[in-house]
Amino acid sequence: MPELVQIAVQRPHVVVFIVLFLGGLYITLTRPNIVKKLIGMYILQTSTVFFLVTISAKKGASVPILRDAANGVDPALYVNPLPHVLTLTAIVVQVATLGVSLALVAAIYRRVGSLDENEIARQLQ
Amino acid sequence: MTAHLPILVLLATIVPAVCMPLLGMKNRAWCRPVALASLWLMSLLSVATFIAVYQDGPIPYALGGWEAPVGVAWLVDGPGALMVVSLGIVVSLSMTASGPRSPAPGASVVPYYALILLLVSGATGIIFAADLFNVFVFLEVAALAGYALAATGGGPALMAAFRYLILGSLGASLYLLAIAYLYAATGTLNMADLAIRLPPLLDSRAVLAGVSFMFIGLGIKSALVPFHGWLPDAYTHAPEAVTPVLAAVVTKVVLFTWIRIMFWVLGAGVEVQAAHILDVLWILGAAGAVVGALLALSQRDLKRMFALGGISHIALTLVGVGQGNQTGLVGGLFYLVNDAFMQAGLFVLAGAAIHKYGVRTWDDLGKLRAQAPWLVGALIVIATSMVGLPPTGGFFGKWYILLSALEAGNYLAVAAVAIATVLTLAYFIKLFEAIFRGPRAVEGAETPTLPLSFKLAVSGFLVGIVGFGLISDSVVAFLLQTTSGLNL
């Protein structure tokens, strides 16, 4: 247990990630309202993006733009840009997923007139 | 020319997919011919790729000329080339079989064909990608198209597609998380580099977590048994022309990627914290093979029965792969390719039975005997392969899977395959009993005729299934040769 506390204090970003991820999963699994399910899913996806960004952070490092390449490059001065690039793509994927899912929700709502999962399942049978 | 074949295979479907809305604005009647033409073109190109790989070995491809550490790497190896050929031909045949009025009533034509093409291009990208993140991007391209296609049936299909979307997104998030873990541990996402850097790090907890998340994420997407909840509803309610495509593409390709990551990246002998990863795999596979077939046996809905049977057949692949010897890996891959033909053919027939002959419930199946002898004959051939009788491809796939289990001395796996085979036989007997002993149609009811394109396409499936059995020798020899470098 003390070991866990130590990890949590040293790496607060992991704690934030875990809270966001599990919170999103909890909302997705327990709420009958399908829009709330989507909100939970989006929080869950965002938490993975958050995690990706945090692993690139470095103390004392700055944006990865070379200002003076002639004198050699010191990697300690720059954060790793790759996770940000991955993040950008992942966010685009998430937005597309959200678009498709909202279109589905709209189609369901137009047909059933309800957002409650149990009500929808009952009416669509 | 051969050097650029991989990208041409992708472009053959992704360009028409993106242009489809423009084409639809001009003239809607062109959508179907253009979609079919590009699918068949893609099949031809993939066959050419396969021939090139067969003759000269794997084709590496650097997108845009940027080589591996900086750019996105693709690699077309033997199993990948075979997989793409089966993907192209199966989807082309399924689309040819579904008549001109194939989209569900109410669904518009333009997005429908655009989505089918997008699904195929996404799957092509998954197979070719040699970079974990590139796999993720194409996984989502294919998955988004899949969600939208599953919803085109309307009504109950909407909710089924919504569940599919939620679970699929959860799987994708877990996969992305796994990428983050593996990247943090190794500093690379290229599969070839990972294969060098990962094995010494397998004791690290970050890598263990990454591999577990990847397993669960891809497991959800490929409907492995504890995670298969989304599949039966999504397949059952999808329109007749969509189910074969979904069944042949989504789960198979994801499973193929998982096999590739497991054997080509992690290394087959990998032990994670004393638990052998392949043991987990074959146990899940054995459980899935039996449970899927049992669930299928208890169904009275044609498409749902086939969907659950499909889960059992995917699991059989895992039993072979999980034995950790070359026979098993080759048997599993062979079965995977062959299963794409069987599943798609089965759903094409089911779609025709339901929409052409109005077989709504189990009791209507008797109609088929008198009205559609042709369809019943085709069903018998596919059933032969599903159960695993010679000379079909299904027999040889199962044969190699059984051989590998015996080679590994794994009698539990042998028993699971045997039980799954008996259960498969049982649900097909149940099906044929309903067809041959069910009440006939009312006298004087007109018999709908099947279009020639449908008959040709179904013949294509049958030729594929029986042909795979007849040439199984050379296919297996080819797969053995391409997987010989794996130190199994």
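Before going into details, it helps to say that this report is about the structure given with it. Remember, predicted model here, so these are calculated numbers, not experimental data.

Helix and strand content of chain A: 5 helices and 0 strands. Taken from the N to the C terminus, the helices and strands of chain A come in the order α-α-α-α-α. Its C-alpha radius of gyration of 21 Å places chain A more than 25% over the 14 Å reference for a compact globule of 125 residues. Principal axes of the C-alpha set define a box for chain A whose edges measure 70 × 40 × 15 Å. The proportion of buried residues among the 125 residues of chain A is 29%. Long-range contacts, defined as pairs at least 24 residues apart, comprise 50% of the intrachain contacts of chain A with a sequence gap of at least 6. On chain A, roughly 7700 Å² of surface is accessible, and the fraction owed to carbon and sulfur atoms is 67%.

So, about the interface of chain A and chain B. One frequently used descriptor of interface size is the decrease in accessible area upon assembly of the parts. Contact residues are listed per partner, giving 34 residues for chain A and 28 residues for chain B. Both faces considered, chain A and chain B share a buried interface measuring about 2700 Å² in area, 85% of it formed by carbon and sulfur atoms. Linking chain A to chain B there are 1 salt bridge. A:E117 is the partner of B:R163 in a salt bridge, and the nearest nitrogen-oxygen pair spans 3.4 Å. Counting the contacts that link chain A with chain B gives 2 residue pairs in polar contact (both at pLDDT 80 or more). Listed by contribution, the elements that provide at least two residues to the side of chain A that touches chain B are α2 (12–30), α3 (34–54), α4 (82–112) and α5 (117–124) of chain A. Among the elements that take part in the side of chain A that touches chain B, α4(A) stands out by supplying 15 residues, more than any other.

Further remarks concern the packing of α2(A) against α3(A). All names here are of chain A. The interhelical angle for the contact between α2 and α3, taken along N-to-C directions, is 160 degrees, at an axis separation of 7 Å. For the element pair α2 / α3, the angle class is roughly antiparallel. In this structure, the crossing between α2 and α3 has a hand that is left-handed. Residues H13, V16, F17, L20, F21, G24, L25, I27, T28 and L29 of α2 form the contact with α3, whose own contacting residues are K36, K37, G40, M41, I43, L44, S47, T48, F50, F51 and T54.

Calculation notes
Residues numbered from 1 in each chain as written. Chains lettered and ligands numbered in written order. Predicted model: local features only at pLDDT ≥ 70, side-chain atom pairs only at ≥ 80, totals over all residues. Heavy atoms only, no water. Helix = DSSP H or I, 4+ residues; strand = E, 2+ residues; numbered from the N terminus. Rg over C-alpha atoms; globule rule 2.2 N^0.38 Å. Buried < 20%, exposed > 50% of the residue type's maximum accessible area, 1.4 Å probe, protein only. Contact = heavy atoms within 4.5 Å. Areas by Shrake-Rupley, 256 points an atom, 1.4 Å probe, with all protein chains shown as cover. Buried area = accessible area lost by both parts, 1.4 Å probe. Salt bridge = Lys/Arg side-chain N within 4 Å of Asp/Glu carboxyl O. Polar contact = N/O pair within 3.5 Å; in protein donor to acceptor, adjacent residues only side chain to side chain. Axes fitted to C-alpha atoms, helices over the stretch in contact; angles between N-to-C directions. Parallel < 35°, antiparallel > 145°, perpendicular 65-115°, else oblique. Left-handed = near helix turned anticlockwise from the far one by under 90°.

Nothing here speaks to function; it is geometry throughout.
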